[in-house]
Amino acid sequence: MYYFIGIKGTGMASLAIMLHDLGYEVCGSDQEKHFFTEDELVKRGIPIYPFDENNIKESYTVIIGNAFLEDFPEVIKARELCKCYRYHEFLGELMKDYRTVTVSGSHGKTTTTTLAKTVLSEFVKTGYLIGDGEGYLDKDCEYLCVEADEFRRHFIAYHPEYAIINNIEIDHVDYFKDETDYFNSYQEFVRNVKEVVFYYGDDEWCQKLQFVTPAYSFGLSEENDYYPANVETDSTSSSFDLMFRGKKLHHYHVPFVGDHLLIDILGILSLSNYMHFDQDRVEKALQSFKGPKRRYVIEEYKQTVFVDDYAHHPTEVKVTIEASRKRYPDRKIIAIFKPHRASRVKYFAQQFRDALLLADEVYLLDFTSIDDKQDGTDIDISYLSQRIPGSHILSEDEEGAKLLAQYRGECLVFMSSKDIYNIAQWVKDFL
């Protein structure tokens, strides 16, 4: 029996699903409130218990989620009785049985990993672990696509055949000392790659990486190995020529808009060209792409636009608001933001301020996650609100939802890596 401490975590839920589908017995514990990743667990009948150290049995193999420190009661009990792995340790062992493609970077990992599994699955039997709670693996899989997170250097436990690096912009400031320390984790990781690295060549930090394997750059500028030419866009799609060192490889038409998505696609196209995949079939796979959960998901309800996005870093908040403004130029953009980790808010306060002020109205929700203040950073949401003129602190209840319901017909942009979608549902109820 595999027991997951924090089974509703994004990667944890994905891994639990994969082990279940391989035929293992799986259960775990977490907070009782609903989190979007639990739906697939429930569908499979995987038991989810409230936290209780008495859940732990001596016969279990225990996988411990990132949010839970060594003094957490279930962790203490598991260390006493069971064989234990941290999430990244177990995943690193699992990856050894497959030809693995990892996707790393401060932003865009989930979307790019979803793109990677979509393309690879067109050609080879491919498993995947994605940071939106999605996972798939069976005994016939040859390849495995994995979202590889730099959190506390955990991706250094991975030794993939292929690696895609989207960007390097400091995050997890409760752990990394500075930008150089953050960069060094990526430098250490790329030394683990066995065959080839594809990296975003327009990123100044990615440009500094030193490789021990062949490496190819991708990006929007012609200085990269792979880049687009003759780019044309409309409100729902883009077309471009994929170039490799000045030579046209293929003309693509894909249902994506925006430079950030084009960059994500370029990483996958670089890999697919290296693997000699038929580019017509690659294009067909991209046209059938369904985006990951909680990554710029749009719903129109009662003439009101609801955008749900996982944005939790100021760069992601900025991109999400700008994309909404571009897509809905005639509507007010109402930003609703729930942060994760007090240290991130304190470090990036100015950047969060600048990003959120791109919206017409700003509503802020307070910290509620188990790991928000683990490092001792003891601030509340007023720390950010005081820096954003005209912003409002919103209660995470029906009264708060009632305030948002006054924006009928506008564009409500909900941003958080946590459970902000519950208040969106209450807004719909009022509408």
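Residues numbered from 1 in each chain as written. Predicted model: local features only at pLDDT ≥ 70, side-chain atom pairs only at ≥ 80, totals over all residues. Heavy atoms only, no water.

Novice: Got a minute to help me understand the sheet that holds strand β19 (residues 361–364) in this structure?
Specialist: Hydrogen bonding along the main chain pairs the strands of a sheet, whether they run parallel or antiparallel. Spatially, six strands are ordered β16-β17-β21-β18-β19-β20 in an open sheet, and the strand pairing comes out mixed. Both edges of this open sheet fall to β16 (297–301) and β20 (392–393), since each of them pairs with a single strand only. The pairing of strand β18 (residues 333–337) with β19 spans four bridges and is classified as parallel. Paired with Ile-336 across the two strands is Tyr-363, which belongs to β19. In this fold helix α9 (residues 314–327) packs onto β16, β17 (304–309), β18 and β21 (411–415), with an angle of close to 160° to the strand it touches most, β21. (Pairing = 2+ DSSP bridges. Helix = DSSP H or I, 4+ residues; strand = E, 2+ residues; numbered from the N terminus. Contact = heavy atoms within 4.5 Å. Axes fitted to C-alpha atoms, helices over the stretch in contact; angles between N-to-C directions.)

Novice: Quick question: what am I supposed to make of the layout of surface pockets here?
Specialist: By rolling a water-sized probe across the atoms, one finds the places where empty space is left. Of the pockets and cavities examined, the second largest pocket occupies roughly 230 Å³. Among the secondary structure elements, those contributing two or more residues to the lining of the second largest pocket are β16, β17 and α14 (421–430). (1 Å grid on protein atoms, 1.4 Å probe; cavity = no way out; pocket = protein on both sides within 12 Å on 5 of 7 lines; lining within 4 Å. Points joined across faces, edges and corners; volume = space filled by probe spheres on them.)

Novice: Got a minute to help me understand the environment of Arg-281 in this structure?
Specialist: Counting through the fold element by element, Arg-281 comes out in helix α8 (residues 279–287). Distance in space between the C-alpha atoms of Arg-281 and Glu-122 is 7.4 Å, their sequence separation being 159 residues. Residues in contact with Arg-281, not counting those within four places in the same chain, are Glu-122 and Phe-123. At 2.5 Å, the side chain of Arg-281 forms a polar contact with the backbone oxygen of Glu-122. (Polar contact = N/O pair within 3.5 Å; in protein donor to acceptor, adjacent residues only side chain to side chain.)

Novice: Teacher, can you tell me more about α14 here?
Specialist: Residues spaced three or four apart along an α-helix point in a common direction, a consequence of the helix completing one turn every 3.6 residues. Residues of α14 that are buried: Tyr-421, Ile-423, Ala-424, Val-427 and Lys-428. Projected down its long axis, α14 shows its buried positions confined to an angular sector of 155°, all on one face. Packing partners of the buried residues in α14 comprise β16, β17, α13 (398–404) and β21. (Buried < 20%, exposed > 50% of the residue type's maximum accessible area, 1.4 Å probe, protein only. Arc of directions from axis to C-beta.)

Novice: Is there a simple way to explain the environment of Ile-56 in this structure?
Specialist: Structurally, Ile-56 is set in the loop between β3 (48–49) and β4 (61–64). Separated by 19 residues in sequence, Ile-56 and Val-75 place their C-alpha atoms 9.1 Å apart. If we skip the residues at most four places from it in the chain, Ile-56 touches Tyr-3, Glu-74, Lys-77, Ala-78, Leu-81 and Cys-82.

Novice: Help me understand unusual backbone geometry in this model?
Specialist: Phi is mostly negative for residues that are not glycine, and the peptide bonds are mostly trans. Of note, Lys-302 is a non-glycine position whose phi angle comes to about 55°, a positive value. Position of Lys-302 among the secondary structure elements: in the loop between β16 and β17. Here Lys-302 falls in the partly exposed class, since its relative accessible area comes to 41%.

Novice: Sorry, what's going on with the pattern of salt bridges here?
Specialist: Throughout the structure, instances matching the rule amount to 21 salt bridges. The partner of Lys-96 in a salt bridge is Glu-93, and the shortest N-O contact between them spans 3.0 Å. Classification of Glu-93 by relative accessible area gives partly exposed; the value is 43%. Two residues, Glu-122 and Arg-281, come together in a salt bridge whose shortest N-O distance is 3.5 Å. Here Arg-281 lies in helix α8 and Glu-122 lies in the loop between α5 (109–120) and β7 (126–130), a separation of 159 residues in the sequence. Under the relative-accessibility criterion, Arg-281 is labelled partly exposed at 36%. Among the ionic contacts, a cluster of salt bridges with common partners joins Asp-21, Glu-40, Lys-43 and Arg-44. (Salt bridge = Lys/Arg side-chain N within 4 Å of Asp/Glu carboxyl O.)

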